[in-house]
Amino acid sequence: MQKLLPSHKTAHSSHMPEVSAEWAAAASNLLSNIRSSWTNCTVLTTARLPGAEEDREKIWDPSAMFSEDLWLENEKNCAVVHKSKRGRKRQELLAVALGVKVGVKGALLWQPLKLFAYSQITSLVRRAALTQNDNHFNYEKAHNFKVHTFRGPHWCEYCANFMWGLIAQGVRCSDCGLNVHKQCSKYVPNDCQPDLKRIKRVYCCDLTTLVKAHNTQRPMVVDSCIREIEARGLKSEGLYRVSGFTEHIEDVKMAFDRDGDKADISASIYPDINIIAGALKLYFRDLPIPVITYDTYSKFIEAAKISNPDERLEAIHEVLMLLPAAHYETLRYLMIHLKKVTLHEKENFMNAENLGIVFGPTLMRPPEDSTLTTLNDMRYQKLIVQILIENEDVLF
């Protein structure tokens, strides 16, 4: 499924990047939105129009505003604006793409035209570029909208209408920077493409946000740690049960936050494999939304309470299908790894039940922060992980 992923650059700058012919072709689709929203620009520009009131009304008449005579008349009444040859080409290309005409000496409508169209064209171009990326993992992710006060004029990137007001004019996605009206945010699809510049760390970051920002199937912490453990630690006694030094685990955490997938966790730096195992468990504990999400927690617990093994397995499989794609893929990969750990049970003394005790509270937490609920559900959490490990080839 192709997804249109928004760009979220705003039109503050007076300089525009080079626009190719493909960009201009994409921008032509905006003509209907621009003409329907054009009256929003009048507040910004009518104060600069010369002549009597009736002349200004005539100029802003939608049926006549793009006529050649009005453009020529407007040029005579306006001061000459000197532009560089390069900037002139940009203006002419943008005007052609939008279906309007710009005179030889510049046009009065250029500035509001640029404010609106520049952000919209850039958005379309970036969306088209992202949909053409075959390596992009199309996980759905909802936008993380927060109320925002914008400086200068802004247009909604969903409905293309002006965002009115002096403060709190709309909302902005803190992950990708999408700017929309508060009401429009209810209708924006779950197509957030997080910007790496906005992702400050790896630990404590939403799982789907992290994998979409880095364009990976799974979090880099999971891949790197499991790769290292399988290379030199599968036979380590008490793997995942024995804790490493806390300060060394924190060092691994800071290394991932600082260096990302380039973090060095090799044996030369951390010879104790329990440090790497501890860092992996810490990553899962620090997730704001657990791998087994809050929305599916109660369904997993109910499935674990079913006494018939076959019905219980079928119920667990059905709930697995409700997990977000990135969470499902991460859980699948982890269960395959833990199954390999159990194959070395004679050396590491870690069977599926022991691993369930360790990873149960790590992978799933109740939505409400209740100690009593956690204690009551602990055996079911252990059972769920144990079943996932023992039946990973069937469930996934």
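Refer to the structure above for everything that follows.
This is a predicted model, so every value here is computed, not measured.

Novice: Which residues make up a negative patch on the surface, and what are the values?
Specialist: A surface patch of negative charge is lined by D310, E311, E314 and E318. Within the secondary structure, E314 is located in helix α13 (residues 309-320).

Novice: Residue-level account of the pattern of salt bridges, with values.
Specialist: One pass over the structure, following the stated rule, counts ten salt bridges. With a shortest N-O distance of 2.8 Å, D223 and R218 are connected by a salt bridge. When its relative accessible area of 15% is taken as the criterion, D223 is described as buried. Between E353 and K382 there is a salt bridge, with the nearest N and O atoms lying 3.8 Å from each other. Pair noted here: E353 is in helix α16 (residues 352-363) and K382 is in helix α17 (residues 371-390), with a separation of 29 residues, a long-range link. Each member of the salt-bridge network shares a partner with another, and the members are R218, D223, E329 and R332.

Novice: Give me the nonpolar core: which residues, what numbers.
Specialist: Among the nonpolar cores identified, the biggest contains 68 residues, and Y240, F256, Y283, F284 and F359 are the most heavily contacted of them. The greatest single-element share of this core, amounting to nine residues, is contributed by helix α11 (residues 273-286). There are two domains that each give this core at least three residues, and those are domain 1 (219-286) and domain 2 (294-394). The residues touching F284, leaving out its near neighbours within four places in the chain, are V222, V291, T330, L334, F359, T362, L363 and R365. Of all hydrophobic cores here, the second largest spans eleven residues; its members include C156, V171, L178 and V188.

Novice: I'd love a proper account of the pairing of strand β2 (residues 170-173), names of residues and values included.
Specialist: Of the two faces of β2, the one lined by G170 and R172 and the one lined by V171 and C173 are each fully buried. Where β2 and strand β3 (residues 179-180) come together, two bridges link them in antiparallel fashion. What sits directly across from V171, in β3, is V180. Hairpin geometry of β2 and β3 is characterised by an intervening segment of five residues between the two adjacent antiparallel strands and by a positive phi of about 90 degrees at G177.

Novice: If you had to explain the packing of helix α9 (residues 220-232) against helix α14 (residues 325-342) to someone new, which residues and values would you point to?
Specialist: With their axes 11 Å apart at the nearest point, α9 and α14 run at an angle of 10 degrees to one another. As far as their axial angle goes, α14 and α9 are roughly parallel. Contact with α9, carried on its side by V222, D223, I226, I229 and E230, involves T330, Y333, L334, H337 and K340 of α14 and no other residues of that element. Classifying every residue of the contact of α9 with α14 by side-chain character gives five nonpolar, two polar and three charged.

Novice: Quick one: what's the story with the environment of L338, residue by residue and with numbers?
Specialist: Among the secondary structure elements, L338 is positioned in helix α14. You can call L338 buried: its relative accessible area is 0%. Spatially, the C-alpha atom of L338 lies 9.5 Å from that of E392, the residues being 54 residues apart in sequence. Once residues lying within four places of it in the same chain are set aside, the contact partners of L338 are Y240, L355, F359 and I389.

Cut-offs applied
- Residues numbered from 1 in each chain as written.
- Predicted model: local features only at pLDDT ≥ 70, side-chain atom pairs only at ≥ 80, totals over all residues.
- Heavy atoms only, no water.
- Patch = residues over 30% accessible without salt bridge, like charges linked within 9 Å, V, L, I, M, F, W, Y side chains within 5 Å.
- Areas by Shrake-Rupley, 256 points an atom, 1.4 Å probe, with all protein chains shown as cover.
- Salt bridge = Lys/Arg side-chain N within 4 Å of Asp/Glu carboxyl O.
- Lys, Arg positive; Asp, Glu negative; His and termini not counted.
- Charge placed at Lys NZ, Arg CZ, Asp CG, Glu CD.
- Helix = DSSP H or I, 4+ residues; strand = E, 2+ residues; numbered from the N terminus.
- Buried < 20%, exposed > 50% of the residue type's maximum accessible area, 1.4 Å probe, protein only.
- Core = buried A, V, L, I, M, F, W, Y, C linked by side-chain atoms within 4.5 Å.
- Domains from an automatic or database assignment.
- Contact = heavy atoms within 4.5 Å.
- Pairing = 2+ DSSP bridges.
- Axes fitted to C-alpha atoms, helices over the stretch in contact; angles between N-to-C directions.
- Parallel < 35°, antiparallel > 145°, perpendicular 65-115°, else oblique.
- Nonpolar A, V, L, I, M, F, W, Y, C, P; charged D, E, K, R; others polar.

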